[in-house]
Amino acid sequence: MDQIARTPQQIGAIVRRQRKKLGLTQDDLGTRIHLRQATISKVESGEPATRLQTLLNTLSALDLEIVIRPRTRGSANEIEDLF
């Protein structure tokens, strides 16, 4: 199922949901990609200063990917309701 994210917080929520779905702790995920648990926590909280490579490595470890497409017409608040 595709998930739409327009904010760092929405991306973080997707990461958190997938990590939990896979039965991983933040520490488990961090170990997989050689990052500290605190870094995973920042990704999941939507820390705006997260490096793109950190995000890509995190998504890869969770078997997720980014898809770029034209923006849908839903507002950020409507998208937020999905979370």
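The notes below deal with the structure included here. (Residues numbered from 1 in each chain as written. Predicted model: local features only at pLDDT ≥ 70, side-chain atom pairs only at ≥ 80, totals over all residues. Heavy atoms only, no water.)

Side note on the overall build of the protein
In terms of regular secondary structure, the protein is built from 5 helices and 0 strands. If you list the helices and strands of the protein from N to C, you get α-α-α-α-α. Nonlocal contacts in the protein, meaning residues at least 24 apart in sequence, comprise 63% of its contacts between residues at least 6 apart. Here the protein has roughly 5900 Å² of accessible surface; of this, 50% comes from carbon and sulfur atoms. (Helix = DSSP H or I, 4+ residues; strand = E, 2+ residues; numbered from the N terminus. Contact = heavy atoms within 4.5 Å. Areas by Shrake-Rupley, 256 points an atom, 1.4 Å probe, with all protein chains shown as cover.)

Quick word on the side chain of Gln-26
As for its position among the elements, Gln-26 is in helix α2 (residues 26–32). A residue is classified by how much of its surface remains accessible, and Gln-26, at 17% relative accessible area, is buried. Only 2.4 Å separates the side chain of Gln-26 from the side chain of Gln-37, close enough to count as a polar contact. The contact partners of Gln-26, leaving out residues within four places of it in the chain, are Arg-19, Gln-37, Ile-40, Ser-41 and Glu-44. (Buried < 20%, exposed > 50% of the residue type's maximum accessible area, 1.4 Å probe, protein only. Polar contact = N/O pair within 3.5 Å; in protein donor to acceptor, adjacent residues only side chain to side chain.)

Let's talk about the environment of Gly-46
By secondary structure assignment, the location of Gly-46 is in the loop between α3 (37–45) and α4 (52–61). A C-alpha to C-alpha distance of 6.8 Å links Gly-46 and Ile-11, two positions 35 residues apart in sequence.

Focus: a nonpolar patch on the surface
A grouping of Leu-52, Leu-56, Ile-66 and Ile-68 is seen on the molecular surface, where their side chains present a nonpolar patch of about 420 Å² in accessible area. Relative to the helices and strands, Leu-52 is located in helix α4. When its relative accessible area of 56% is taken as the criterion, Leu-52 is described as exposed. (Patch = residues over 30% accessible without salt bridge, like charges linked within 9 Å, V, L, I, M, F, W, Y side chains within 5 Å. Salt bridge = Lys/Arg side-chain N within 4 Å of Asp/Glu carboxyl O.)

What about the pattern of salt bridges?
In this structure the tally under the stated criterion is 2 salt bridges. Among the ionic pairs, Arg-16 bridges to Glu-44, the shortest N-O distance being 3.6 Å. Note that Arg-16 is positioned in helix α1 (residues 8–21) and Glu-44 in helix α3, a separation of 28 residues in sequence. A relative accessible area of 29% means that Arg-16 is categorised as partly exposed. Of the charged contacts in the structure, one is a salt bridge between Arg-19 and Glu-44, with a shortest N-O distance of 2.4 Å. Of the two residues, Arg-19 is situated in helix α1 and Glu-44 in helix α3; the sequence distance between them amounts to 25 residues. Glu-44 gets classed as buried once you look at its relative accessible area, which sits at 2%.

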